[in-house]
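Observations on the model geometry
So you can see what is in the structure, the chains are spelled out below.
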Amino acid sequence: MIEIIPAIDIIDGKCVRLTRGDFNLRTDYSENPLEVAKAFEGAGIRRLHLVDLDGARQKKIINSKVLETIASQTSLKVDFGGGLQSDEDVELAFNSGAYQITGGSIAVRDEEMFSRWITKFGIDKIILGADAQNGKIAVSGWQEVTEIGVMDLIRKYCEKYGLRYIICTDVAKDGLLQGPSFQLYKDIMDEFPYVNLIASGGVTTKDDIKRLEEAGIYGAIVGKAFYEGKISLEDLAEFSS
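Residues numbered from 1 in each chain as written. Predicted model: local features only at pLDDT ≥ 70, side-chain atom pairs only at ≥ 80, totals over all residues. Heavy atoms only, no water.

Describing the overall build of the protein
In terms of helices and strands, the protein carries eleven helices and twelve strands. By the compact-globule yardstick of 18 Å for 241 residues, the protein fits well, its C-alpha radius of gyration being 16 Å. In terms of overall dimensions, the protein has C-alpha extents of about 40 × 35 × 35 Å along its principal axes. Going through the 241 residues of the protein one by one, you find that 56% of them count as buried. Long-range pairs, those at least 24 residues apart, make up 66% of the contacts in the protein between residues at least 6 apart in sequence. Just so you have it, the protein exposes about 10200 Å², and 45% of that area is on carbon and sulfur atoms. (Helix = DSSP H or I, 4+ residues; strand = E, 2+ residues; numbered from the N terminus. Rg over C-alpha atoms; globule rule 2.2 N^0.38 Å. Buried < 20%, exposed > 50% of the residue type's maximum accessible area, 1.4 Å probe, protein only. Contact = heavy atoms within 4.5 Å. Areas by Shrake-Rupley, 256 points an atom, 1.4 Å probe, with all protein chains shown as cover.)

Below, the structure is given as C-alpha cells:
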C-alpha cells in the first residue's frame, strides 16, 4: 500500500503553499500547523512532510519550534527539510523530533557533509531530495538548475552510500494541480527498483494516487490538492487504513 504523506510548508509559523517554489505565489491556509497535523493524524495518516520555507531562504533552520510542537503532540513520523546546511542544523532537527530529514541542495553542493549525515544517522533517517527540472537537478529553492541529471544524483547516493529514500519533485508540476510526472517516476523505478521513491508535485486526485500505487511507488506527497479541496481527509484515509 502506498504511504500518503501530507505536506505542511511553513513561513512565519503559518501553513502555506507556494506554486513552483515561487515566494511571490504564496497562499496562506492556516495559522495553526499543529491543528492541521492533528487533522491528518485523525484520518489515520502516519507520516508528514514538513518544510521550513523560511529556513530554505535563510539557509538555516528557522522553524524548529513548529517541528518540535508537531513531533511532540502527534504520533506522526515527520520528515523535515528546508535550510539544512550544517551538522548543527541536522542535530537540531533530530533533537526537535524529526523522524527523518531531507537534504536537497546540500547533497549537490557538499557530498562530504551529506554522506557524513548518512554514515552518522543511517540510511533510514536520511532522504535525498532530488528536485527535477527537465531531467536536471534544481537547487536553492528551485531558483537554480544544475547540469546534474536526476538519475545521476540518485545513482551516486544509492550505489555509493546505500541510500534508499528518495523524494523526487518535478518542479514544473508543483502546485499546478495538473497531475504528477508518471513517466519520470516510472523511469526512476525501472532503473532503481529497490528505492523507496516518494512522488511529489502535481498529485491532484485519488486516481493520481492509485496510479502511483500501481506503479510501485512507495509514497505520495499531497499538498495543494488537499488545501484546495481536491482531495479530502476521507480520501486520504482510504489509503491509510
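From this point, the discussion proceeds with the structure in view.
Remarks on the packing of aromatic side chains
In the structure shown here, the tally under the stated rule is nine aromatic pairs. Aromatic pair Tyr-29 and Tyr-227: ring centres 5.0 Å apart, planes at 25°, arrangement stacked. With a gap of 198 residues between them, Tyr-29 in strand E3 (residues 22–30) and Tyr-227 in helix H10 (residues 224–227) connect regions that are remote in the sequence. Members of the aromatic cluster, each reached through a chain of ring pairs, are Tyr-29, Phe-40, Phe-226 and Tyr-227. Directly above the ring of Tyr-99 sits Lys-125, whose terminal nitrogen or CZ lies 3.8 Å from the centroid. Over the face of the ring belonging to Phe-182 we find Arg-211, whose NZ or CZ atom lies 3.6 Å from the ring centre. (Phe/Tyr/Trp six-rings, centres within 6.5 Å; stacked < 30°, edge-to-face > 60°. Lys NZ or Arg CZ within 6 Å of the ring centre and 35° of its normal.)

Quick look at the packing of helix H6 (residues 111–121) against helix H7 (residues 150–161)
Where H6 meets H7, the axes come as close as 12 Å, and the angle between the chain directions of the two elements is 45°. Comparing the axis directions of H6 and H7 gives the class oblique. At the point where H6 passes H7, the crossing takes the right-handed sense. Here Glu-111, Phe-114, Ser-115 and Ile-118 of H6 lie close against H7, whose contacting residues are Lys-156, Tyr-157, Lys-160 and Tyr-161. (Axes fitted to C-alpha atoms, helices over the stretch in contact; angles between N-to-C directions. Parallel < 35°, antiparallel > 145°, perpendicular 65-115°, else oblique. Left-handed = near helix turned anticlockwise from the far one by under 90°.)

Brief notes about the packing of helix H1 (residues 33–42) against helix H3 (residues 64–73)
Two numbers describe how H1 lies on H3: the axes approach to 10 Å, and their chain directions differ by 35°. Relative to H3, the crossing made by H1 is right-handed. On H3, the residues that touch Pro-33, Leu-34, Ala-37, Lys-38 and Glu-41 of H1 are Val-66, Thr-69, Ile-70 and Gln-73. For the contact of H1 with H3, a count of residues per class yields five nonpolar, two polar and two charged. (Nonpolar A, V, L, I, M, F, W, Y, C, P; charged D, E, K, R; others polar.)

Here's the deal with the state of the cysteines
Summed over the entire model, instances satisfying the criterion amount to zero disulfides. Cysteine Cys-158 is unpaired, with the sulfur of Cys-168 as its nearest cysteine sulfur at 12 Å. (Disulfide = S-S within 2.5 Å.)

Section: unusual backbone geometry
Even without glycine at this site, Asp-12 takes up a positive phi of about 55°. Counting through the fold element by element, Asp-12 comes out in the loop between strand E1 (3–11) and strand E2 (14–19). Its relative accessible area of 56% is what places Asp-12 among the exposed residues. With a phi angle near 60°, Lys-59 is a residue other than glycine that sits in the positive phi range. Within the secondary structure, Lys-59 is located in the loop between helix H2 (53–58) and H3. Given the relative accessible area of 46%, Lys-59 is considered partly exposed.

Everything listed here is a matter of coordinates, which is why it stays silent on function.
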